[in-house]
Amino acid sequence: MPGDSWAATDRMNARRTNWAGNITFSAERFHRPASAGELQRLVAGTRRIRALGTGHSFSRIADCPGDLVSVAGLPKVIQIDPGRATVTVSAGLRYGELAERLNEAGWALRNLGSLPHISVAGACATGTHGSGDANGNLATAVSALELVTADGDIVLLSRDSDAAALAGAVVGLGALGIVTSLTLDLVPAFAIRQYVYQGLPRDQLDEHLESIFASGYSVSLFTDWRGPKIRQVWRKCLAGERDPGLPGPGRWLGAELADGPRHPVPGMSAVHCTEQRGVLGPWQLRLPHFRPEFTPGSGAELQSEYLVPREHAIEALAAVGRIRGRVAPALQISEIRTVAADDLWLSPSYQRPSVAIHFTWIRDPEAVAPALAAIEDQLAPFGARPHWGKLFSVSPAVLGGLYQRLPDFQRLRGEFDPAGKFGNELVDSYVPASRPPATSRPADRQLRPGQPTASARARPAHRGQFRTGRCAPQ
Ligand SMILES: Cc1cc2nc3c(=O)[nH]c(=O)nc-3n(C[C@H](O)[C@H](O)[C@H](O)COP(=O)(O)OP(=O)(O)OC[C@H]3O[C@@H](n4cnc5c(N)ncnc54)[C@H](O)[C@@H]3O)c2cc1C
């Protein structure tokens, strides 16, 4: 178990900044309850509160002017149900920790993001994704979730009994409550190998984009937008798939098989990267780009990402290419991935098979801001949806037009959190709650932590629709 790097993230949380250090959280108090009851009392007794995962978001999405709470101190749960092929996990668990345990038990998640250090709840809340034509984002694995709502009650939403609300709540931006556990779909454990190719000519990409992304279970392209070639293609292929690297001269569509391990960012050592060169290994040590035991606890970078409909991929890439002179100086590297369509209301890949165009910037907000604005202008005609956890500057009006189910989410927010307890500046500007009629709105109240009032124990208005677990703070 890579204990050191997990501890590094904990130290980062103790510093009260996000991973990149570009955000100092404005919360007055930080909490790490050790039991569900403690969390329930805290939520019931606090006027403004939000959950903080592992703090890997670059946007202000996790911030809160009142209280921030981490659920990482709640008892760790990893409960596999082999009959249903699911696992129920505590929300604060990191994918790296979970994946090891799943693999030992013969199970796998269908996909992972590039970094194993992020929490399950935090990743799902923002629609975090990996790559793969047939792979939805990580939130698509969620079949149930349990959350502490505004008055301290615990609500369970499941695909079986509350499919619509679950579809709204999974990519929930932390705006509906504090998630305490999630149930995830599993597949049998699988082995995978990854190959890195270098120098894919740009015209080959335009001509063969579909087959390039179809050439592996998960495929990522890396470019710095500086030259006529895509710097690297990372192909992650299932053990049973035709071995793409061998036999042969090691050339593919004009790109060359790398003769040693590579890091996506030019000039950086590949020692932190997962094993390459076609060495077969378990899914959790090949799907992320970075090894769990080595990733640093903070990083000198900023990130942005935009998801565009798959059918516009070539035009969208060409549009970014036209402003390469404005992008490249602030850029470390860009990654291009594919994400399957889903039905999660606030997912950037909602009902759109997508191409995700990602930018790892230098950590210089002033240099990044104009590049970001230029990219957003270029990608606007394609209805590009920004990643919720990364930097973006599109206006609430524009973003609102990109999400058909936004009004439904706003209603859900109004229903779950009528007093806006879980709001923050970002969430309130992009997804303001639709308030229920004043007569049915519970009074905004300030309770003492650990001393919920009788009304905090009462059945909330919306709970009639959802299965509930322990309903009163204990
Ligand atoms: C180095 C690096 C690599 C990355 N790679 C990828 C990648 O490959 N793909 C990708 O899509 N993204 C990637 N990201 C972005 C990252 O996955 C997201 O920002 C993700 O949300 C971070 O998870 P977190 O646990 O740190 O959440 P945080 O940043 O702490 O919080 C994010 C949101 O989740 C909410 N939240 C957290 N916990 C809970 C809870 N228990 N209940 C309710 N809401 C909760 C917060 O309130 C907040 O709104 C990367 C980020 C970094 C720093």
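Predicted model only: the values in this text are computed from it and were never measured.

Trainee: Explain the site of the ligand here, please?
Mentor: Around the ligand, the surrounding shell holds 32 residues, and the nearest of these are Gly 53, Ser 57, Gly 122, Gly 174 and Gly 389. When residues of the shell around the ligand are traced back to their parent elements, those giving at least two are strand 2 (49-51), helix 4 (120-126) and strand 9 (178-185). The leading source of residues in the shell around the ligand is helix 4, at 5 residues. Across the shell around the ligand, the residue classes tally to 15 nonpolar, 16 polar and 1 charged.

Trainee: Explain the sheet that holds strand 1 (residues 29-31) here, please?
Mentor: Hydrogen bonding along the main chain pairs the strands of a sheet, whether they run parallel or antiparallel. The strand order across the open sheet formed by 3 strands is 1-3-2, and the pairing between neighbours is parallel. What marks the edges here is a single partner per strand, and that holds for strand 1 and strand 2. Direction aside, neighbouring strands of the sheet carry axes that sit 25° apart on average. Both strand 2 and strand 3 (residues 67-69) contribute to a ladder of 3 bridges, which runs parallel. Looking across to strand 3, one finds that Ala 51 is bridged to Val 69.

Trainee: Can you help me understand the packing of helix 7 (residues 313-322) against helix 9 (residues 365-379) in this one?
Mentor: Helix packing geometry: the angle between the two helix axes and the distance between the axes. Where helix 7 meets helix 9, the closest approach of the two axes is 9 Å, and the angle between their N-to-C directions is 145°. Considering the relative orientation of helix 7 and helix 9, their crossing is right-handed. For the pair helix 7 and helix 9, the contacting residues are Ala 316, Ala 319, Val 320 and Arg 322 in the first and Ile 375, Gln 378 and Leu 379 in the second. By residue class, the composition of the contact of helix 7 with helix 9 is 5 nonpolar, 1 polar and 1 charged.

What counts, and at which threshold
- Residues numbered from 1 in each chain as written.
- Predicted model: local features only at pLDDT ≥ 70, side-chain atom pairs only at ≥ 80, totals over all residues.
- Near = placed C-beta within 6 Å.
- Helix = DSSP H or I, 4+ residues; strand = E, 2+ residues; numbered from the N terminus.
- Nonpolar A, V, L, I, M, F, W, Y, C, P; charged D, E, K, R; others polar.
- Pairing = 2+ DSSP bridges.
- Axes fitted to C-alpha atoms, helices over the stretch in contact; angles between N-to-C directions.
- Left-handed = near helix turned anticlockwise from the far one by under 90°.
- Contact = placed C-beta atoms within 7 Å.

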